[in-house]
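In case you want the letters, here they are:
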Amino acid sequence: MTENPDDILIRLPARLKEARRAKGLSLEAVANLSGVSRSMVSQIERGESSPTISTLWNLTRALQVDFAGLLEEANNTDQIEVLRQAEVPSIDNMGQNCRIRILSPPEEAGGHEVYDIQFDKDGALNSQPHARGAREQLTVLEGSVRITSGSAVSELNQGDTARYAADIAHSISANGPARVFLIVKNA
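Keep in mind that what you see is a predicted model, and the values were worked out from it rather than measured.

Rules of the game
Residues numbered from 1 in each chain as written. Predicted model: local features only at pLDDT ≥ 70, side-chain atom pairs only at ≥ 80, totals over all residues. Heavy atoms only, no water. Helix = DSSP H or I, 4+ residues; strand = E, 2+ residues; numbered from the N terminus. Contact = heavy atoms within 4.5 Å. Polar contact = N/O pair within 3.5 Å; in protein donor to acceptor, adjacent residues only side chain to side chain. Core = buried A, V, L, I, M, F, W, Y, C linked by side-chain atoms within 4.5 Å. Buried < 20%, exposed > 50% of the residue type's maximum accessible area, 1.4 Å probe, protein only. Arc of directions from axis to C-beta.

Engineer: Sorry, what's going on with the environment of threonine 55 here?
Structural biologist: Secondary-structure assignment places threonine 55 in helix 4 (residues 53–63). Between the alpha carbons of threonine 55 and leucine 27 there is a distance of 15 Å; along the sequence they are 28 residues apart. If sequence neighbours within four positions are ignored, threonine 55 has contacts with Val36 and Ile44. In this structure the side chain of threonine 55 is engaged in a polar contact, spanning 3.0 Å, whose partner is the side chain of threonine 52.

Engineer: I tried to follow the nonpolar core on my own but got confused; where do I start?
Structural biologist: Most often, soluble globular proteins keep nonpolar side chains buried together rather than apart. Grouped together as the largest cluster of nonpolar side chains are 19 residues, with contacts concentrated most on Ile117, Phe119, Leu138, Val145, Ile172 and Leu182. Listing elements by their share of this core, those giving two or more residues are strand 2 (96–102), strand 3 (112–127), strand 4 (135–142), strand 5 (144–149), strand 7 (161–165), strand 8 (170–174) and strand 9 (178–185). When neighbours within four sequence positions are excluded, valine 145 is seen to be in contact with Leu138, Val140, Ser154, Glu155, Leu156, Ile172, Ser173, Ala174, Ala178 and Val180. One finds Leu16, Leu59, Leu63 and Leu70 within the second-largest nonpolar core, a separate group that totals twelve residues.

Engineer: Honestly, helix 3 (residues 38–45) in this entry has me stumped. Any pointers?
Structural biologist: An α-helix turns once per 3.6 residues; consequently, residues spaced three or four apart project the same way. Within the sequence span of helix 3, burial applies to Val41, Ser42, Ile44 and Glu45. Take helix 3 and look down its axis: the buried residues cluster within an arc of 160 degrees, on one side only. Directly beyond the C-terminal end of helix 3, a positive phi value near 75 degrees is found at glycine 47.

Engineer: Help me out: how do you make sense of the environment of asparagine 186 in this one?
Structural biologist: Mapped onto the secondary structure, asparagine 186 falls in the segment after strand 9. Given the relative accessible area of 13%, asparagine 186 is considered buried. Linking asparagine 186 and glutamate 113, residues 73 residues apart in sequence, is a C-alpha distance of 8.4 Å. Not counting residues within four places of it along the chain, the set of residues in contact with asparagine 186 comprises Gly110, Gly111, Glu113, His130, Ala131 and Ala134.

This is the structure:
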């Protein structure tokens, strides 16, 4: 099927802008990373200028997006991304007697992270401070846990939720089997 070149010129500006915003980058940051002037990036995103292949290549590398993917016709609004239980990445060697399932997509690492953590008896997850301003929100799904954030300590039971600073040393521990849902929000 032959595609109308005008379709690509309509899609490209929006896709570049979406990619930049998804990375949380300003026009200035993309310009610095790509070597393309800020005004040119802005003109391309507004559809006022068509980039050369070289310019497009530099922008896609700076945004860490697939060159061909920007040009493909896709309708992401009516798609559901599903990871079956066996496909969800997990970390078994962090903490003591606990298994961490990573529920958030990889591109959100360092920003908004979501975890399902299963503790066995005497399980613990001790964490060093995250980035300044980082916060965690934890909900106990099963059992009970003890949360420590700095010098503050709180006991939580099934159904309880805690919100606490994660830019200081903090920990989650369980005397018996427990399961928690954890959201980490870096500033």
